[in-house]
Amino acid sequence: FPEIDGVISNYGTDADAAVRAFQAAGRELVPIATLEANALACGFDELKAANPKYELATISSRNWLGRIAARKAIAGAEGIANDEPSLYQLPLFEDTVNGLAPQCDETLAPDQYLSNQLTADDLTTYGTTTQ
């Protein structure tokens, strides 16, 4: 397509592939809205310098919500109190237009979700996701 004004993707690593496709085609990057991905965050500053129109807005992968749902379900089934909230505000995770900087951890895998609220020890215990 001769004119692309932005990219909306439902998966951060797909958006990272779109970045690479733009680069391979010698095209300037455009704003991207997607799910978070460590690779997108880690590459943003370098890419932004050469692509002034490039902005990034991501949402959390929200995989951490499954843990909350499981705890609430188990507590309900066992008759145990669970005072965790049932409703959550889910704002953008990263938003370069409004000063919410990309969150990068170069020691983790490109497709790591930093919003998952897992520590490095958790990742080591339950599955290594380092590069």
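Scroll up to find the structure this text is about.
Residues numbered from 1 in each chain as written. Predicted model: local features only at pLDDT ≥ 70, side-chain atom pairs only at ≥ 80, totals over all residues. Heavy atoms only, no water.

Attention shifts here to the overall build of the protein. The helix and strand tally for the protein stands at four helices and four strands. Here the C-alpha radius of gyration of the protein, 18 Å, is well above what a compact globule of 131 residues would show, namely 14 Å. The C-alpha extent of the protein, read off along each of the three principal axes, is 60 × 30 × 25 Å. Looking at the protein as a whole, 34% of its 131 residues qualify as buried. (Helix = DSSP H or I, 4+ residues; strand = E, 2+ residues; numbered from the N terminus. Rg over C-alpha atoms; globule rule 2.2 N^0.38 Å. Buried < 20%, exposed > 50% of the residue type's maximum accessible area, 1.4 Å probe, protein only.)

Moving on, we get to helix α2 (residues 38–50). Residues spaced three or four apart along an α-helix point in a common direction, a consequence of the helix completing one turn every 3.6 residues. The sharpest bend along α2 measures roughly 50° and falls at F44. Taken residue by residue, α2 has N38, L40, A41, G43, F44 and L47 as its buried positions. Of the surrounding elements, those touching the buried residues of α2 are α1 (12–24), β2 (32–35), β3 (56–59) and β4 (92–95). (Bend = angle between axes of the 7 residues up to and from the residue. Contact = heavy atoms within 4.5 Å.)

With respect to the helices and strands, E84 occurs in the loop between α3 (64–78) and β4. In this structure the side chain of E84 is engaged in a polar contact, spanning 2.6 Å, whose partner is the side chain of R71. Here the side chain of E84 touches N82 through a polar contact of 2.9 Å, side chain to side chain. Apart from residues no more than four positions distant in its own chain, E84 is found in contact with I68, R71 and K72. (Polar contact = N/O pair within 3.5 Å; in protein donor to acceptor, adjacent residues only side chain to side chain.)

Turning next to the pattern of salt bridges. Across all of its chains, the model carries three salt bridges by this definition. Of the charged contacts in the structure, one is a salt bridge between D16 and R20, with a shortest N-O distance of 2.7 Å. Linking D16 with R20, this pair stays in helix α1, spanning four residues, or about one helical turn. Among the residues examined, D16 registers a relative accessible area of 16% and is labelled buried. Here R20 falls in the partly exposed class, since its relative accessible area comes to 47%. (Salt bridge = Lys/Arg side-chain N within 4 Å of Asp/Glu carboxyl O.)

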